[in-house]
Amino acid sequence: MSGDGFSGGRTWVACAVVACVSLLLCLSAPGIASAADVADASTTDAPSLSSDLAAGSSDALDGTADSADSGDLTYLDESDLFPGWGEDGLESPDPSGAQSTVVASSLSRRLDAYMSTAWPKTHVPGMAVAVVGRDGVIWSDTEGDCGSTSEPFVIGSLSKSYTAVGVMQLVEQGKVDLDADVTLYVPELDLGAPVSVRQLLNQTSGLGGYQSVNQAHVVSEQGAFSYANVNYDLLGKVIERVSGQSYSTYMSENVFEPLGLTNTYASLQEAVSAGLVPGHRSWFGATVADGFVHTCDDDAWGQEPSGYISSSLSDMCSYLQMYLDGGEGVLSGDSIRQMFSSNVYDEGSDTYYGMGWTTYDRGGELVQSHDGQVENYTASMCILPERGIAVVLLADLNDTTYGNYATFTMMSDIITLAMGEDPVVAADETDAAVSAGDGSADAESSDMADESADGGSDDSIQAFLFGTTLADADSGEYLQAHLGVDVSCLVYLVACGWQVALCRRWARKMSSEWGTTRGKVRLAIAALVHVLLPIVLLAAIPEYLGIEWVELVGFVPDAALVIILGSALLVLGGILRLVLWRKASSAEMAA
C-alpha cells in the first residue's frame, strides 16, 4: 500500500490522540483534577490527624483517647479529647491561648500586614475574615467587593453546622431521637434500608454522594464515613416535618434571631434581596460575576441545609461565639459538646466528622473546623477550643485551578498568626526539621497547608503553588497555573476543529476507495473519531473526575464548555464527512 493511502488516516488518528492527550492534561491540571473533590462539595476539611491520634492515642493532647464502639461507628472519648467544653462553653481555655499571649493590638497589626501582602495573591474579588474570642471580635478585615462586615456571602457547607444546631434543638425538646429511623419523621422516604438521624448527621448513612432528596437511596456501606449533601438536605426535611415550619422559617425564628444574626438567610432569594455579595466563577482564569444561581429544590444536589445558607462576617462571628459560650441559650452545653464528640473516623483524611464539624490535630492542638465550597463562593471556619478563639473566612470566588488553594492557604496562615506564630518562620522551622531528619516534621508540614474545598484537597498541590504559606507565592503563579490549563484547552479545541477542516479531503478519498480495504479502514477510523470518541468524552470524563455533569458545569464551567465544544466539533466533522462523501460519490457516478 502506498503511504498516501493512509496519510489521511494517520492524520485523523494523530488528531484524535492529540485531542485526548490535551484534554486529559487539561483535566489533570491541579485545579480541574480537584473537581472530583468538589463533588464532596463542599466537604470538609482541614489538615489530618496524626497517625497516633487516628489509631486511638492522643499523647499530643495529654490524654488517652479510648475508642468506644457504637454500632458501626467509632467515637472518640470526649472526656479526653474535649476537655474544655462544659455547660457554660469553654470552662477553662488554656491561659497560654492567643488572647493572652498575643496582645490584640499586636495581632491586629500583624494580620493587617499579612492581608495587605497576601490578599492580592489570592486574586479573589471579595473577602471577609475575622478572629473572634468569647468576649468579642479580636480582629476583622474586608477586602475588594465586600464593603462591610454586614454583607452576606453564600457559606457553602458551613451551612451543615447550622442544620445540626436546628436538629439538636429538636432533640433537646424530645421531638427527635438521634437513633430513630428518619422515616419516622419523613414517612414517604424509601431509602432502601433503615437510616438513623445520627447517621445523617455523621455522614454514615450510605446514601450516594450526588443524590438529591428525590433520588435518596442507600448505595454503599452504612457506618463508614461518606460525605453526601443529601444527608443534611434530609435533615432539613426532618426539621420541617417535626416543627411544622419551612426550613427557612424555623432557622430564622429559632437560630438566627435568638443569636442576633440579622444578615443570615436560609433562602437565596432573601439573601439576594439583602445585598448578597456577587459570586464569581473562573472562566479560563478570568474571575467573572456571571450571575450563576444554584437552584435549591428536591431534585438539586445540595439545598440550603447542606450548603446554601448565606451569612455575613459579623453574623458568623456571633455564630462562632455561640459555640465558645456554650450555646448562648440556643443550645445546651451538652448538645454543643455532642456536635463535636459524637463523631466518626474518616479513613480518607485521618479526621473525625461529628455533626457538621470536623475534628483534627494541628501540631498537638485540637481544632474543630469545616470548609465550604459552592459554584461561586468559598468559606472556612474553625474553633481552637484550648485557646477560646475561632477564625472565619468568606470569599466570593470558586476557582479550582488556583484561587481556592490560595484562599484555604490564607486561612491556614491566619490560624497560625492567631496562635501567635509566624507562618513563614514556622515553614522555615519545618524545612529545617526535615533536613535534620526529624520525621515528625512531615505531619507538621502537612498540617501547615489547610486542605482546600469541602472535598479535601491534595496538600501537594498547595505546596506546589505556594510552598507552605501564601507568603511563598509570587505574582506570576496565578497566570502560570491558568495558562497551563488554557493552553491545553486550546490545543484540544484546535485538534477537534482540524477534523472539520479535513472533511472535504476525506470525502474525496472515500469516494474513490469505497469497497477497498483502505476505504473500510478509513471509515472505521472516522467512526472511532467522530462517534465513539465524543461518546467517551461526554460519558467517561465525569466518571474520571468523579463528578456529574450538572456539577461539572456549575463548578468548572470553562472546562465543561471546552469538553462540549470539542465533542460537538467531532460530531459535526462526522456529519460533514458523510454529507460530502455522498456528494462526491454522486458526482463520480454522474461523471
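Presented here is a report on the structure given in the accompanying data block. (Residues numbered from 1 in each chain as written. Predicted model: local features only at pLDDT ≥ 70, side-chain atom pairs only at ≥ 80, totals over all residues. Heavy atoms only, no water.)

**A few points about the environment of Asp179**
Link 1 in the chain: Within the element layout of this structure, Asp179 appears in the loop between α8 (159-172) and α9 (197-202).
Link 2 in the chain: Assessed through its relative accessible area of 52%, Asp179 is described here as exposed.
Link 3 in the chain: Through-space distance from the C-alpha of Asp179 to that of Arg198 is 5.8 Å; in sequence the pair is 19 residues apart.
Link 4 in the chain: Residue contacts for Asp179: discarding those within four places in its chain leaves Ser196 and Arg198.
Link 5 in the chain: Among the polar contacts listed, one links the side chain of Asp179 to the side chain of Arg198, at a separation of 2.8 Å. (Helix = DSSP H or I, 4+ residues; strand = E, 2+ residues; numbered from the N terminus. Buried < 20%, exposed > 50% of the residue type's maximum accessible area, 1.4 Å probe, protein only. Contact = heavy atoms within 4.5 Å. Polar contact = N/O pair within 3.5 Å; in protein donor to acceptor, adjacent residues only side chain to side chain.)

**Examining the sheet that holds strand β8 (residues 280-283)**
Link 1 in the chain: Pairing is mixed in the open sheet, where three strands are placed in the order β9-β8-β17. Looking at the sheet topology across the chains shown, the edges are occupied by β9 (286-288) and β17 (397-398).
Link 2 in the chain: Bridge count between β8 and β17: two bridges; the pairing is parallel. Across the sheet, Arg281 pairs through a bridge with Asn398, a residue of β17. (Pairing = 2+ DSSP bridges.)

**What to know about the sheet that holds strand β13 (residues 358-362)**
Link 1 in the chain: In space, the eight strands of this open sheet follow the order β6-β5-β16-β15-β14-β13-β12-β11, with antiparallel pairing throughout. One side of each edge strand has no neighbouring strand; the edge strands of this open sheet are β6 (136-144) and β11 (344-346). Sheet twist, expressed as the mean angle between neighbouring strand axes with direction ignored, is 20°.
Link 2 in the chain: Note: strand β12 (residues 351-353) against β13, two bridges, orientation antiparallel. Residue pairing in the sheet places Tyr353 in a bridge with Thr358 of β13. (Axes fitted to C-alpha atoms, helices over the stretch in contact; angles between N-to-C directions.)

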